[in-house]
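# Tertiary structure, described
Chain by chain, the residues:
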Amino acid sequence: MRNVLLVGSGAREVAIAKQIKKSSSPLSLFCVAPTTNPQIKILTTSYFEQSLNEIEVVVGVAKKLSIDLAIIGPEGPLEAGLVDALEKEGILCVGPRKNVARIETSKAFARNIIDLFDGEKNPERMEFSSLDGVKDFLKNLNEQYVIKYDGLMGGKGVKISGEHLHSIEESLSYAKHIVDGGGTFLIEEKFIGEEFSLMSFCDGTYCAHMPAVQDHKRAFEGDVGPNTGGMGTYSFADHSLPFLSKEDIMAAQKTNERVAAELYKKTGEKFRGVLYGGFMLTGDGVKVIEYNARFGDPEAMNVLSLLETDFMDICNAIVAGSLADLKIVFANKATVCKYVVPVGYPNNPSKDFEVVCNTKLDGLYLAAVQEKDGVIVATGSRTAAFVGVDPNIVIAERIAEKGATDIGGNLFHRKDIGTKDLIGRRKKHMKKVLG
Ligand code: AMP
Ligand code: GLY
């Protein structure tokens, strides 16, 4: 019997918890997270409501529970060095140490790692800690640029010319806002194309790739509005996307493999966990948008809904360095995931309202909620996701749409995600970009 600790309490962690409980390995599941997610709580032996910023306290909980293996969901604890601290106590971890997690926590570090093997995958870019030279660089990029706060912002620190930034003055003002807060930022060339996520289980030397997924970062239908943590995702039964070729998928897979290898070479530490490549297919090939050091959210709900291999076998192989020996199978079905979020999200979300839903539904994944006396209350970030799975994406979308609509509360969601119309527009856009 092993004691497994899940760190985190969002929809991604619900997906992980469901997989852990499906395992044929005898185990007890525990969870530590800042809020109580009732869907995780019901799967655990005990649940500890605890801020994840206090690493020593989390390690203390793990030691008291005689945890054998910890699985870390969100990026915050990775950046804070939770894995380093747990490993010091002899606790195995699925999730990278702080130093290797920089592939996500520092955008500049990630770009430099990619430069080591294929600079062509990077945009033209420059790092800044003051406003010196900013104006000239924006002009150099023909006013087609992206300004990225260099640190963890939950996907919300990125502003794009023509969408969020409409003039050089507005851009300088955003840059000044970052500098005034003591931050640094990157200005990048703006890529034009279609985005996709490709995640790989990684034991430091071997990458086992997952199906490709397309996320929707903009808050509103038609891809407008501010960037969010991700409003929803879809994947196809063939594990590719209709605007990608076999070569594009292979280019993304190879990039993840090279990133893992370069991380090991550069830091001497192995990346053990889920390596998430965020890519864009452009007229000039596959480019890197960002790297994450964990499962994507919502992407985790898509791929884990398809996973047929025992998840604990995968976790054990990640920590043992034996992933290459394990055959990992995903069902050949399409998935559509839609997030319902509070009205006003992401800039001014309503909160503290009751969320009405059937927590026992297979496709439901509660996220930013808190259980108070049996009542589920929204805490302001993405509230819940609903996933449809079917060989036919049209049906998967219908299931997700119905599930999202049925969740009660002061919420909204993007009805367009996974629809035939939206996917048709993606294909048309890509065709136009490719010329
Ligand atoms: P990130 O947090 O780096 O993933 O950025 C959030 C979103 O901003 C991405 O999903 C893209 O939609 C967009 N984005 C980031 N970098 C670029 C880029 N160089 N060119 C075009 N879009 C970008
Ligand atoms: N879906 C994007 C992310 O998890 O960062």
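Whatever comes next refers back to the structure up there.
What you see is a predicted model, and the numbers here were worked out from it, not measured in a lab.

It is worth spelling out the site of ligand 2 at this point. Contacts to ligand 2 come from Asp215, Lys217, Gly229, Tyr276, Asn292, Arg294, Gly296, Asp297, Pro298 and Glu299. Taking Arg294, its side chain carries an N or O atom lying 2.9 Å from an oxygen atom of ligand 2. One of the backbone N or O atoms of Asp297 is found 2.9 Å from an oxygen atom in ligand 2. Burial of ligand 2 by the protein chains amounts to 91% of its free accessible area of 200 Å². Here the shell around ligand 2 is built from residues that sort into two nonpolar, three polar and five charged.

Right, let's get into helix α10 (residues 246-267). For α10, spanning 22 residues, the distance from its first C-alpha to its last is 32 Å, which sits close to the expected 32 Å at 1.5 Å a residue. All of the buried residues along α10 are Asp248, Ile249, Ala252, Thr255, Asn256, Val259, Ala260, Glu262, Leu263 and Thr267. Directly beyond the C-terminal end of α10, a positive phi value near 75° is found at Gly268.

Ligand 1 sits among 16 residues. The nearest are Lys148, Glu188, Phe191, Glu195 and Glu290. A distance of 3.1 Å separates a nitrogen atom of ligand 1 from a polar backbone atom of Glu189. Protein burial of ligand 1: of its 470 Å² of free accessible surface, 98% is covered by the chains. Judged by its atoms lying within 2 Å of the grid points, ligand 1 is housed in the second largest pocket. Residue composition of the shell around ligand 1, by class: six nonpolar, one polar and nine charged.

Taking 1.5 Å as the rise per residue, helix α13 (residues 393-405) with 13 residues should run 18 Å; its terminal C-alpha atoms sit 18 Å apart, in good agreement. Inspection of α13 places Ile393, Ala396, Glu397, Ala400, Glu401, Gly403 and Ala404 among the buried residues, and these make up the whole buried set. The buried residues of α13 all sit within an arc of 165° when viewed along its axis, so they share a single face. Projecting away from the buried face of α13 at angles above 90 degrees are the exposed residues Arg398 and Lys402. Contacts made by the buried residues of α13 are with β15 (232-235), β18 (334-342), β22 (384-390) and α14 (420-434). You can read the cap of α13 off the contacts: a side-chain oxygen lies 2.9 Å from the backbone nitrogen of Val394, and it is on Asn392.

Turning our attention to the pattern of salt bridges. One pass over the structure, following the stated rule, counts 26 salt bridges. Across the pair Glu397 and Lys338 runs a salt bridge whose closest N-O atoms are separated by 2.7 Å. Of the two residues, Glu397 sits in helix α13 while Lys338 sits in strand β18, which places them 59 residues apart along the sequence. Taking the relative accessible area as the measure of exposure, Glu397 reaches 11% and is therefore buried. Given a relative accessible area of 0%, Lys338 falls into the buried group. Each of Glu194, Asp223, Arg414, Asp416 and Arg426 takes part in salt bridges that share partners, so that together they form one network.

Moving on to the sheet that holds strand β2 (residues 27-33). With respect to topology, five strands assemble into an open sheet ordered β3-β2-β1-β4-β5, the strand pairing being parallel. Pairing within the sheet leaves two strands with one partner each, and these edge strands are β3 (46-49) and β5 (92-94). Strand-to-strand, the axes of this sheet are offset by a mean angle of 20°, without reference to chain direction. As judged from the four bridges shared by strand β1 (residues 2-7) and strand β4 (residues 69-72), these two strands associate in the parallel manner. Paired with Val7 across the strands is Ile72, a residue of β4.

With respect to the helices, strands and loops of the structure, Ile55 is situated in helix α3 (residues 55-64). Sequence-wise, Ile55 and Ser235 are 180 residues apart; in three dimensions their C-alpha atoms are separated by 35 Å. Look past the residues within four positions of Ile55 in its chain and what remains in contact with it is Pro77, Ala80, Gly81, Leu82 and Ala85.

Positionally, Thr36 belongs in the loop between β2 and α2 (38-41). Accessibility expressed as a relative area gives 9% for Thr36, which makes it buried. Those residues within four positions of Thr36 in sequence are excluded, and the remaining contacts are Lys41, Tyr47, Glu49, Val369, Gln370 and Glu371.

Our focus in this paragraph is the layout of surface pockets. Unoccupied space between atoms shows up once a probe the size of one water molecule is rolled over them. Of the volumes computed, that of the second largest pocket is approximately 790 Å³. Those elements that place two or more of their residues in the lining of the second largest pocket are β7 (145-149), β8 (158-160), β9 (185-189), β10 (193-202), β12 (214-215), β17 (285-292) and α14. Tallied by class, residues from the lining of the second largest pocket come to seven nonpolar, six polar and 15 charged.

On to empty space enclosed by the protein. Counting across every chain of the model gives two cavities of 30 Å³ or more. Computed from the structure, the largest cavity encloses a volume of approximately 90 Å³. The wall of the largest cavity is formed by 14 residues, among which Ile72, Val94, Val274, Arg294 and Phe295 lie closest to the centre. Elements supplying a minimum of two residues to the lining of the largest cavity: β4 and β16 (273-282). Here the residues of the lining of the largest cavity are counted per class, giving ten nonpolar, three polar and one charged. Size it by volume and the second largest cavity reaches roughly 80 Å³. In terms of lining residues, the second largest cavity is bounded by Glu195, Phe196, Ser197, Asp215, Lys217, Tyr276, Gly278, Phe279, Ile289 and Glu290. When residues of the lining of the second largest cavity are traced back to their parent elements, those giving at least two are β10, β16 and β17. The residue inventory of the lining of the second largest cavity, partitioned by class, reads four nonpolar, two polar and four charged.

Parameters at a glance
Residues numbered from 1 in each chain as written. Chains lettered and ligands numbered in written order. Predicted model: local features only at pLDDT ≥ 70, side-chain atom pairs only at ≥ 80, totals over all residues. Heavy atoms only, no water. Near = heavy atom within 4 Å. Polar contact = N/O pair within 3.5 Å; in protein donor to acceptor, adjacent residues only side chain to side chain. Areas by Shrake-Rupley, 256 points an atom, 1.4 Å probe, with all protein chains shown as cover. Nonpolar A, V, L, I, M, F, W, Y, C, P; charged D, E, K, R; others polar. Helix = DSSP H or I, 4+ residues; strand = E, 2+ residues; numbered from the N terminus. Expected span 1.5 Å × (residues − 1). Buried < 20%, exposed > 50% of the residue type's maximum accessible area, 1.4 Å probe, protein only. 1 Å grid on protein atoms, 1.4 Å probe; cavity = no way out; pocket = protein on both sides within 12 Å on 5 of 7 lines; lining within 4 Å. Sits in = over half its atoms within 2 Å of the grid points. Arc of directions from axis to C-beta. Contact = heavy atoms within 4.5 Å. Salt bridge = Lys/Arg side-chain N within 4 Å of Asp/Glu carboxyl O. Pairing = 2+ DSSP bridges. Axes fitted to C-alpha atoms, helices over the stretch in contact; angles between N-to-C directions. Points joined across faces, edges and corners; volume = space filled by probe spheres on them.

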